[in-house]
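Read off the chains here:
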Amino acid sequence: MPSVSAMSGGSPARSRESGFMLHLLALAVGFGVPLPGLTGIATTFVDPGVTGYATFQSHNQKVVANRHGVFLTYVRSRDEAYMSQEWRLLRSSDGGRTFARVYAATHATNPPVIETDRRGNLYLGYVDFAGGNAYIMKFDSARGYSSSPVATIPRGAAGKYAMLLDERRRCLYWFAHNGTFARVELDTGRVAVQSIMKDGPDAALQYPSLSLAPDGVLHAAWTTVRHGQYLYWDIHHALSPDGGDTWHAPGQDAAWNLPLVADQHGPAPRITLDDEYDRHTWLSNFLVSNGKLHFLYLAQTEPPRQHYVRSDARTGRKELDLHPEFRGESLKLQGLDGFFAARTTLPNSPIYCVLQSNGRIACLASDDNGSTWYDYAVSQDVFTPYALGGCREITPEGWVIGTFTDMRGEFAKDANRLVFLRFRAGLSRAEVVSCKFRGGRTAIRFGKHWGQPSLVRVRSRGGQWSPWTRFAAVVTIRTSAMPSECQLKSRMGTVSEAFRLPAPEGETKR
């Protein structure tokens, strides 16, 4: 399959290869019936022959959605020196059932990072180890996603990196594990680069991550690596109120002197526990939502500890640390790779955490900003997932989307499978304690409920739906006949499947 260098100046028609359709092994391997009571996670085999590093770095965003479709990036093949790797940008116009190639290139890079703006434009960031720089490209939605270079980031090349779009400030942030932080102005292509981090006495910066709060505060979190040893040492957090010019801890106003010391000897608050230094502790994902900092990491202690940590974004105070297990009613999540998704602009948005549970892709959800979690979704099929990551924002149509590499062979071989996943966000469910029908009214008493239901309606045995009524513990709905089914609508506007009501108590025909 041909590939065109993104920096070669090739024609848009040649580089897009817009007519090429990827052949899928199975269009709907996960579109079957979910486990009882849970939402199904649909999965599509996008490419059956990829390297084990196809979706490397779960905290990076490699899949996004806008009104023009779903877009994803991945590495298809690699060489032993990591200096010649084929990567691709794909697009789906049918919700992720099929994908077409938008662009392909061969560089010394990991899977490129991808962002989308409100107009549907794409911004893609990748590194070139040979030249030592990072590059930003734009794919213009108004021009059929033809590509153009935006900026070169000097010293931006590193094996681990993070990129984030800030539409309010009209810029992109780039944070590489060599300590380089860059701000790229989208309108001018101007690049401001500074070194914000340096090695500590025990460990060096390894995996950087970025998240942007709705109030414009930029947050960074990172994993360090022990000097001279393959050991992920500790995890830290910092924030910047001014787009990366200054950095400090939550609850502090004084800016730190740059560059920061990366490990526990520096000023940044530590997330990991004191007894976890001599065990791998790797930050899977990090999200700022509803005024809280949400961290997901696995400590490879004996036995392993799966952590969900929540801190207050304003004060930095740690409020929750759920470990050694992170679970709902029956699903227990555990793994190095996973991601959070929310609608961060919606106050009190549900938060979804996607990880694996015994080989199935699984999701826990929280309606109370992480205080409690419940089973939400699971895949029908079992995989060997690696580098499971996704879009941090729920899509405009209300889906959680992600990708992972299904390990079928060796990391270095092109014998693994790229998998796309999606499931519906905002679905509510509730227990019905009792249902009574008298005098043209139906009274339903609900017990536990999940998924922030806001409205409810019922359907009679003749098939007529009642008007939507505000959800409550006890709700009375005007109906002309005995109801047989009920339906819920969540705060996000998502409508549940109709579910059967118990046989109502009430009037009978004489």
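Being a predicted model, the structure only gives us computed values, none of them experimental.

A word on the overall build of the protein. On a plain count of helices and strands, the protein comes out with one helix and 40 strands. Within the protein, the proportion of its 510 residues that are buried is 58%. In the protein, the proportion of contacts linking residues at least 24 apart, taken out of those at least 6 apart, comes to 55%. Put simply, the protein shows about 20,100 Å² of open surface, and 48% of that area lies on carbon and sulfur atoms.

On average, residues of the protein score 88 in pLDDT, and 91% of them reach the 70 mark or higher. With pLDDT under 50 throughout, residues 1-33 is counted as low confidence; its partners more than four residues away or in other chains account for 83 contacts.

Another aspect to go through is the sheet that holds strand 16 (residues 203-212). Think of a sheet as strands paired side by side through backbone hydrogen bonds, with each pair either parallel or antiparallel. Pairing is antiparallel in the open sheet, where three strands are placed in the order 16-17-18. A strand with exactly one partner marks an edge of an open sheet, and here the two such strands are strand 16 and strand 18 (232-240). Between one strand axis and the next, the sheet turns through 20° on average, direction left out of account. Two elements, strand 16 and strand 17 (residues 218-226), share nine bridges in a ladder whose sense is antiparallel. Bridging across to strand 17, L212 finds its partner in L218.

By the definition in use, this model includes zero disulfides. With no disulfide of its own, C363 lies closest to C353 among cysteine sulfurs, the gap being 7.2 Å. By relative accessible area, which is 0% here, C363 ends up buried. C391 takes part in no disulfide bond, and the closest cysteine sulfur, belonging to C363, lies 14 Å away.

This model, assessed by the stated rule, comprises 27 aromatic pairs. Aromatic side chains W87 and Y126 sit 5.7 Å apart centroid to centroid with 35° between the ring planes, which places their arrangement in the tilted category. With W87 in strand 5 (residues 85-92) and Y126 in strand 8 (residues 122-128), the pair connects residues that are 39 residues apart, well separated along the chain. Assessed through its relative accessible area of 0%, Y126 is described here as buried. Aromatic pair Y161 and W174: ring centres 4.9 Å apart, planes at 15°, arrangement stacked. Of the two residues, Y161 is situated in strand 11 (residues 161-166) and W174 in strand 12 (residues 171-176); the sequence distance between them amounts to 13 residues. On the basis of relative accessible area, Y161 is assigned to the buried category, the value being 0%. One aromatic cluster is present, built from ring pairs that chain together Y53, F56, Y207, Y230, Y232 and W282. In this structure, R422 packs its charged tip against the face of W399, placed 3.8 Å from the ring centre.

The probe, sized like a water molecule, is rolled over the atoms to show the empty space still left. Counted as a void, the largest pocket has a volume near 910 Å³. Lining the largest pocket we find 30 residues, and of these T116, R118, E167, T345 and E393 sit closest to its centre. Only strand 3 (63-66), strand 7 (113-116), strand 11, strand 16 and strand 20 (281-289) provide two or more residues apiece to the lining of the largest pocket.

Across all of its chains, the model carries one cavity of 30 Å³ or more by this definition. Taken as a whole, the largest cavity holds about 130 Å³ of empty space. Contributing to the lining of the largest cavity are 15 residues, with H59, L210, N285, F286 and R392 lying nearest its centre. Elements represented by at least two residues in the lining of the largest cavity include exactly strand 11, strand 16, strand 20 and strand 26 (339-342). Considering each element in turn, the lining of the largest cavity owes the most residues, three residues, to strand 20. Looking at the lining of the largest cavity residue by residue, the class counts come to seven nonpolar, seven polar and one charged.

Take the sheet that holds strand 22 (residues 305-312) next. With antiparallel pairing, four strands are arranged side by side in an open sheet as 20-21-22-23. Looking at the sheet topology across the chains shown, the edges are occupied by strand 20 and strand 23 (318-322). Across this sheet, the average inter-strand angle for adjacent strands is 15°, counted without regard to direction. Pairing analysis gives eight bridges linking strand 21 (residues 292-299) to strand 22, with the strands arranged antiparallel.

This structure, assessed with the given rule, holds 25 salt bridges. The shortest N-O distance in the salt bridge between D275 and R305 comes to 2.8 Å. Here the residue D275 occupies a position in the loop between strand 19 (260-261) and strand 20, and R305 occupies one in strand 22, the gap between them amounting to 30 residues. Using a relative accessible area of 46% as the deciding quantity, one classes D275 as partly exposed. What you see here is one network of salt bridges that share partners, running through K292, R310, D312, R317 and E319.

Next up on the list: the environment of I114. By secondary structure assignment, the location of I114 is in strand 7. Sequence separation between I114 and M83 is 31 residues; the distance between their C-alpha atoms is 21 Å.

Here we come to the side chain of H236. Note that H236 resides in strand 18. With a relative accessible area of 0%, H236 lands in the buried category. Within polar-contact distance, the side chain of H236 engages the backbone oxygen of A268 at 3.0 Å. One polar contact links the side chain of H236 to the main-chain carbonyl oxygen of P269, over a distance of 3.3 Å. Setting aside its immediate chain neighbours within four residues, H236 contacts A220, A221, W222, T224, A262, D263, Q264, A268, P269, R270 and I271.

How each quantity is defined
- Residues numbered from 1 in each chain as written.
- Predicted model: local features only at pLDDT ≥ 70, side-chain atom pairs only at ≥ 80, totals over all residues.
- Heavy atoms only, no water.
- Helix = DSSP H or I, 4+ residues; strand = E, 2+ residues; numbered from the N terminus.
- Buried < 20%, exposed > 50% of the residue type's maximum accessible area, 1.4 Å probe, protein only.
- Contact = heavy atoms within 4.5 Å.
- Areas by Shrake-Rupley, 256 points an atom, 1.4 Å probe, with all protein chains shown as cover.
- pLDDT = per-residue confidence, 0-100.
- Pairing = 2+ DSSP bridges.
- Axes fitted to C-alpha atoms, helices over the stretch in contact; angles between N-to-C directions.
- Disulfide = S-S within 2.5 Å.
- Phe/Tyr/Trp six-rings, centres within 6.5 Å; stacked < 30°, edge-to-face > 60°.
- Lys NZ or Arg CZ within 6 Å of the ring centre and 35° of its normal.
- 1 Å grid on protein atoms, 1.4 Å probe; cavity = no way out; pocket = protein on both sides within 12 Å on 5 of 7 lines; lining within 4 Å.
- Points joined across faces, edges and corners; volume = space filled by probe spheres on them.
- Nonpolar A, V, L, I, M, F, W, Y, C, P; charged D, E, K, R; others polar.
- Salt bridge = Lys/Arg side-chain N within 4 Å of Asp/Glu carboxyl O.
- Polar contact = N/O pair within 3.5 Å; in protein donor to acceptor, adjacent residues only side chain to side chain.

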